[in-house]
Amino acid sequence: MTDTVSIKRALLSVSDKTGLVELGKALGRRGVELVSTGGTAKALRDAGLTVRDVSDLTGFPEMMDGRVKTLHPMVHGGLLAVRDNPEHAAAMEEHAIGAIDLVVVNLYPFQQTVAKGAERGEVIENIDIGGPSMVRSAAKNHAFVTILTDPADYETVLAELEENDGATGLEFRKEMAAKAFAATAAYDAAISSWFAHVDQEQKFPARRSVSATLASSLRYGENPHQDAALYVPDSPHVMGLPQAKQLQGKALSYNNYNDANAALELVAEFAGGDPTIVIVKHANPCGVASRPTLVEAWENALACDSVSAFGGIVASNAPLDGPTAEAICKIFTEVVVAPGADDAARAAFAKKKNLRLMITQGLPDPRRGGQTLALIAGGLLQQDRDNGHITADMLKVVTQREPTEQELKDCLFAWTVARHVKSNAIVYAKQDATVGIGAGQMNRRDSSRIAAAKAAEAAETYGWDAPRTVGSAVASDAFFPFADGLLSAAEAGATAVIQPGGSIRDEEVIKAADDAGLAMVFTGMRHFRH
C-alpha cells in the first residue's frame with residue numbers, strides 16, 4: 001500500500017451541498033481538477049470554479065432522468081484500479097482511464113423523503129444507486145483513493161492536504177473508508193426497513209439491519225472497568241434524552257441515561273395531566289405523585305421513599321418553578337429532567353454544580369409503537385414496545401364488593417406506575433400518589449412485604465399516625481399465583497386490588513379477597529418488566 005497519495009483529480013457529487021463551494025475553491029487553489037455532475041457541477045460553476053462534467057469523462061450524457069451518469073468504466077476504472085499493479089496500469093493506459101484520487105459524495109435524502117410522508121414514487125426516486133457505487137469503489141480502493149461522505153470532514157481533509165503537501169496519508173484514508181462503508185450500510189438499512197414495513201408490513205423480516213450514529217463517548221459503562229458510548233438511531237422523529245438540552249452539570253453517565261430514561265418514560269404517562277413528579281433510583285420508581293402544584297407533587301413523591309430518593313433521578317411532566325427546584329435541591333439529586341424550567345428554577349439548580357439539568361423537547365408518547373432490542377449470548381431479542389393501556393371501562397370486577405370511585409382511581413394510578421417497575425412489581429397508591437413500592441423480587445409476596453415495610457418506615461419518618469398504605473389500592477404487574485401476596489397487601493391496609501388475573505388459583509385468590517373485604521379488578525393484561 002502507498003502511504004501518501006497526491007490529490008490531482010476529484011469527483012464531487014453531493015445531495016447535501018453544505019460546505020461544497022468552500023471545499024471546491026480550496027481544491028481549485030491547489031490545482032486539483034474538479035469533475036462533477038448535475039446540480040453539484042452547477043453550484044461549483046456558479047461560484048466561478050472550472051468544472052469538468054462527468055459526461056465529458058465518460059463520453060455518455062446523463063440519461064434516464066439522471067439515473068445513469070456515473071455507472072461507467074471511465075469512472076469506476078479510475079476508482080478501482082490498483083495503481084501499482086502492472087496489469088491494472090496497462091488497462092488504464094489502453095482505455096485512456098484517468099485516475100480519480102478524491103471522491104466527495106453524499107447520498108440522496110432517502111430518510112428525509114420518507115419522513116416528510118412522500119408518495120411511493122418519490123421515495124423510490126430517492127434511492128441512490130450511483131452514489132453508493134462510487135462510495136464503495138473508492139472506499140474499497142482506499143490504498144489509492146480518498147473518500148469523503150460527510151461535510152464535517154471537509155476541513156479535516158484540507159488540513160490533511162496542507163500537512164502532506166497536497167496528499168493524504170494512509171491512516172486518514174482508512175478512517176474515511178471505514179466511515180464510508182458505515183454510511184452506505186446505514187443507508188441500505190433504512191431502505192430495507194422501509195420496504196419491509198411498507199410492502200410486507202413485516203415486524204420481523206428475515207434479516208434485521210439496525211443503524212445508529214455515535215452521539216458521544218461516555219466516561220464508562222455500568223462499572224468503571226466497562227467502556228461505553230451513546231448512539232442515536234438513524235430514524236426520524238426520535239425524541240428523548242439524547243435530544244434534550246443539558247443546561248448544567250457534568251456529562252451524563254451510562255447509568256444516568258438508563259435511569260433518567262426510566263423516569264422520562266414514566267412521567268410521560270402523565271403528560272397533559274396534573275403536575276406530576278417521578279423519582280427514580282436504579283431504573284425503578286421510588287416515588288410518584290400528582291398534585292395541584294409541582295412542589296406538592298415533589299413533597300408527596302419524596303414521602304413514598306425518601307431514603308431511596310437520595311442520589312436519584314427526578315422527572316417532571318411540566319416546566320419546573322423556583323419553589324420546586326429549591327425543594328429538590330434539599331437532597332442530593334443526580335439528574336433532573338423536565339420539559340422546561342423558569343429563571344428561578346435555573347438559578348436554584350445552578351447552586352448545585354454537579355446536578356445535571358436536562359430540558360426535553362416535550363415528552364415521548366407512552367403509546368408509541370416500535371420495537372425494543374436486547375442482546376443475549378449468541379443472539380438478539382426483539383419485541384414490540386409494551387404500550388398496552390388499560391382504562392376503567394376495560395376492568396373486570398371479580399369480588400363481591402365493587403371498588404369505590406376513589407379506589408378505582410387509585411387502582412389505575414397504581415397500575416400506571418406498576419408497568420414501569422421491575423418484576424415482580426407491587427405498587428400501593430392513594431389519592432394520586434404512590435405510598436409503597438416493591439420491585440424486582442423473586443416472588444410477589446416479598447415485593448408486597450417490602451412495599452409495606454417502606455410505607456411503615458415513611459410513617460415513622462414523617463410522624464404519621466399510620467402508614468399511608470392503609471386505605472390504599474395495590475397493583476400487581478402480573479397475577480397473584482397464591483393468596484399470600486394478596487393477604488400481605490391486606491395486612492398493610494390496602495382495600496382494593498388491581499391485577500391481570502389468569503392464574504390457575506384465581507378462585508382461591510378471589511375468595512381470599514372476599515374474606516378480607518377487598519375489592520378486586522382484573523385487567524386481563526400483564527406488564528412484566530425484566
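It should be emphasised that the depicted structure is a prediction, and the values quoted were computed from it without experimental measurement.

Undergrad: With reference to specific residues and values, describe helix H11 (residues 254-267).
TA: Structural remark: α-helix, 3.6 residues per turn; residues separated by three or four positions point the same way. With 14 residues, H11 should reach 20 Å at 1.5 Å per residue; the first-to-last C-alpha distance of 20 Å fits that figure. Within H11, ten of the 14 residues are buried, which leaves the element mostly enclosed by the surrounding structure. Among all positions of H11, only Asn 256, Tyr 257, Asp 259, Ala 260, Ala 262, Ala 263, Leu 264, Glu 265, Leu 266 and Val 267 are buried.

Undergrad: Could you give an account of the packing of helix H1 (residues 20-29) against helix H9 (residues 154-163), naming the residues involved and the relevant values?
TA: Where H1 meets H9, the closest approach of the two axes is 10 Å, and the angle between their N-to-C directions is 10 degrees. With respect to each other, H1 and H9 are oriented roughly parallel. On H9, the residues that touch Leu 20, Leu 23, Ala 26 and Leu 27 of H1 are Tyr 154, Val 157, Leu 158 and Leu 161. For the contact of H1 with H9, the class distribution of residues is eight nonpolar, no polar and no charged.

Undergrad: Explain the layout of surface pockets to me, using residue names and the numbers behind them.
TA: The computed volume of the second largest pocket comes to approximately 820 Å³. Lining the second largest pocket are 26 residues, and of these Thr 149, Ala 183, Ala 186, Thr 213 and Asp 234 sit closest to its centre. Residue assignment for the lining of the second largest pocket shows that the elements contributing at least two residues are strand S5 (102-106), helix H6 (110-115), helix H10 (170-198) and strand S8 (212-218). With six residues, the top contributor of residues to the lining of the second largest pocket is H10. Along the lines of polarity and charge, the residues of the lining of the second largest pocket split into 15 nonpolar, seven polar and four charged.

Undergrad: Kindly report on empty space enclosed by the protein, identifying the contributing residues and their values.
TA: Counted under the stated rule, the structure contains two cavities of 30 Å³ or more. Here the largest cavity is characterised by a volume of approximately 60 Å³. Taken together, Ala 303, Cys 304, Asp 305, Ser 306, Val 307, Lys 454, Glu 457, Ala 458, Thr 461 and Tyr 462 make up the full set of residues lining the largest cavity. Going through the elements one at a time, helix H12 (294-304), helix H13 (306-309) and helix H17 (444-462) are the ones with two or more residues in the lining of the largest cavity. For the lining of the largest cavity, the element with the highest residue contribution is H17, accounting for five residues. A class-by-class count of the residues in the lining of the largest cavity yields five nonpolar, two polar and three charged. If you add up the space inside the second largest cavity, you get close to 50 Å³. The element contributing the most residues to the lining of the second largest cavity is H12, with three residues.

Undergrad: Residue-level account of the sheet that holds strand S21 (residues 473-476), with values.
TA: Whether parallel or antiparallel, the strands of a sheet pair through hydrogen bonds between backbone atoms. The strand order across the open sheet formed by six strands is S18-S23-S22-S21-S19-S20, and the pairing between neighbours is mixed. Both edges of this open sheet fall to strand S18 (396-397) and strand S20 (434-438), since each of them pairs with a single strand only. Note that strand S22 (residues 496-499) and strand S23 (residues 519-522) share four bridges and pair parallel. Bridge assignment links Gln 499 to a residue of S23, and that residue is Phe 522.

Undergrad: Pulling in residues and values, what's your account of the pattern of salt bridges?
TA: Taken as a whole and assessed by the stated rule, the structure comprises 23 salt bridges. One salt bridge connects Arg 367 with Glu 269, and the closest N-O pair in it is separated by 3.2 Å. Of the two residues, Arg 367 sits in the loop between strand S15 (356-359) and strand S16 (371-376) while Glu 269 sits in the loop between H11 and strand S11 (276-281), which places them 98 residues apart along the sequence. Between Lys 511 and Asp 515 there is a salt bridge, with its nearest N and O atoms 2.9 Å apart.

Undergrad: Explain unusual backbone geometry residue by residue, including any values.
TA: Following Ser 423, the chain continues to Asn 424 via a peptide bond in cis, the omega torsion being -10 degrees. Look at Ala 283: it is not a glycine, yet its phi comes out positive at around 70 degrees.

Undergrad: So what about a nonpolar patch on the surface? Which residues, and what values?
TA: On the surface, Val 210, Leu 373, Leu 375 and Leu 380 cluster together to form a nonpolar patch covering roughly 420 Å² of accessible area. For Leu 375, the position within the fold is in strand S16. Since its relative accessible area comes to 74%, Leu 375 is described here as exposed.

Undergrad: With reference to specific residues and values, describe the side chain of Arg 291.
TA: As for its position among the elements, Arg 291 is in the loop between strand S12 (284-290) and H12. As a buried residue without a salt bridge, Arg 291 has its nearest oppositely charged side chain in Asp 432, at a separation of 5.1 Å.

Undergrad: Explain the environment of Glu 265 to me, and be specific about the residues and the numbers.
TA: The topology assignment puts Glu 265 in helix H11. Considering only alpha carbons, one finds Glu 265 and His 420, 155 residues apart in sequence, at a separation of 8.1 Å. When neighbours within four sequence positions are excluded, Glu 265 is seen to be in contact with Pro 364, Arg 368, Arg 385 and His 420. A distance of 2.7 Å separates a polar atom in the side chain of Glu 265 from a polar atom in the side chain of Arg 368.

Undergrad: Could you give me a rundown of the packing of aromatic side chains, with the residues and numbers involved?
TA: In the structure shown here, the tally under the stated rule is six aromatic pairs. Residues Phe 110 and Trp 194 carry aromatic rings whose centres are separated by 6.0 Å and whose planes lie at 90 degrees to one another, so their mutual orientation is edge-to-face. Separated by 84 residues along the polypeptide, Phe 110 in helix H6 and Trp 194 in helix H10 bring together distant segments of the chain. The two residues Phe 110 and Trp 194 agree in class, both being buried. On the numbers, 5.2 Å between centres and 10 degrees between planes, the contact of Tyr 462 with Trp 464 is stacked.

Undergrad: How would you summarise the side chain of Ser 211 if you had to cite specific residues and measurements?
TA: Inspection of the secondary structure puts Ser 211 in the loop between H10 and S8. Sequence-distant contacts of Ser 211, defined by excluding residues within four places in its chain, comprise Ala 186, Ala 189, Pro 233 and Asp 234.

Undergrad: Give a detailed account of the pairing of S21, specifying residues and quantitative values.
TA: With burial as the criterion, each face of S21 is covered, one bearing Ala 473 and Ala 475 and the other bearing Val 474 and Ser 476. Pairing between strand S19 (residues 426-429) and S21: four bridges, direction antiparallel. Considered in S21, the bridge of Tyr 428 is made with Val 474. Once you follow S21 into helix H18 (residues 483-491) and on to S22, the crossover reads as right-handed.

Undergrad: Can you tell me about the sheet that holds strand S6 (residues 146-148), naming the residues and giving the values?
TA: Taken in spatial order, the five strands line up as S4-S3-S2-S5-S6 in an open sheet, and their pairing is parallel. Unpaired on one side and paired on the other, strand S4 (52-53) and S6 mark the two borders of the sheet. Bridging between strand S2 (residues 9-14) and strand S3 (residues 33-36) involves four bridges; their strand directions are parallel. Bridged to Arg 9 within S3 is Glu 33. With respect to the sheet, H1 is in contact with S2, S3 and S5, its orientation differing from that of S2 by roughly 170 degrees.

Conventions adopted
Residues numbered from 1 in each chain as written. Predicted model: local features only at pLDDT ≥ 70, side-chain atom pairs only at ≥ 80, totals over all residues. Heavy atoms only, no water. Helix = DSSP H or I, 4+ residues; strand = E, 2+ residues; numbered from the N terminus. Expected span 1.5 Å × (residues − 1). Buried < 20%, exposed > 50% of the residue type's maximum accessible area, 1.4 Å probe, protein only. Axes fitted to C-alpha atoms, helices over the stretch in contact; angles between N-to-C directions. Parallel < 35°, antiparallel > 145°, perpendicular 65-115°, else oblique. Contact = heavy atoms within 4.5 Å. Nonpolar A, V, L, I, M, F, W, Y, C, P; charged D, E, K, R; others polar. 1 Å grid on protein atoms, 1.4 Å probe; cavity = no way out; pocket = protein on both sides within 12 Å on 5 of 7 lines; lining within 4 Å. Points joined across faces, edges and corners; volume = space filled by probe spheres on them. Pairing = 2+ DSSP bridges. Salt bridge = Lys/Arg side-chain N within 4 Å of Asp/Glu carboxyl O. Patch = residues over 30% accessible without salt bridge, like charges linked within 9 Å, V, L, I, M, F, W, Y side chains within 5 Å. Areas by Shrake-Rupley, 256 points an atom, 1.4 Å probe, with all protein chains shown as cover. Lys, Arg positive; Asp, Glu negative; His and termini not counted. Polar contact = N/O pair within 3.5 Å; in protein donor to acceptor, adjacent residues only side chain to side chain. Phe/Tyr/Trp six-rings, centres within 6.5 Å; stacked < 30°, edge-to-face > 60°. Right-handed = clockwise from strand over helix to strand, strands pointing away.

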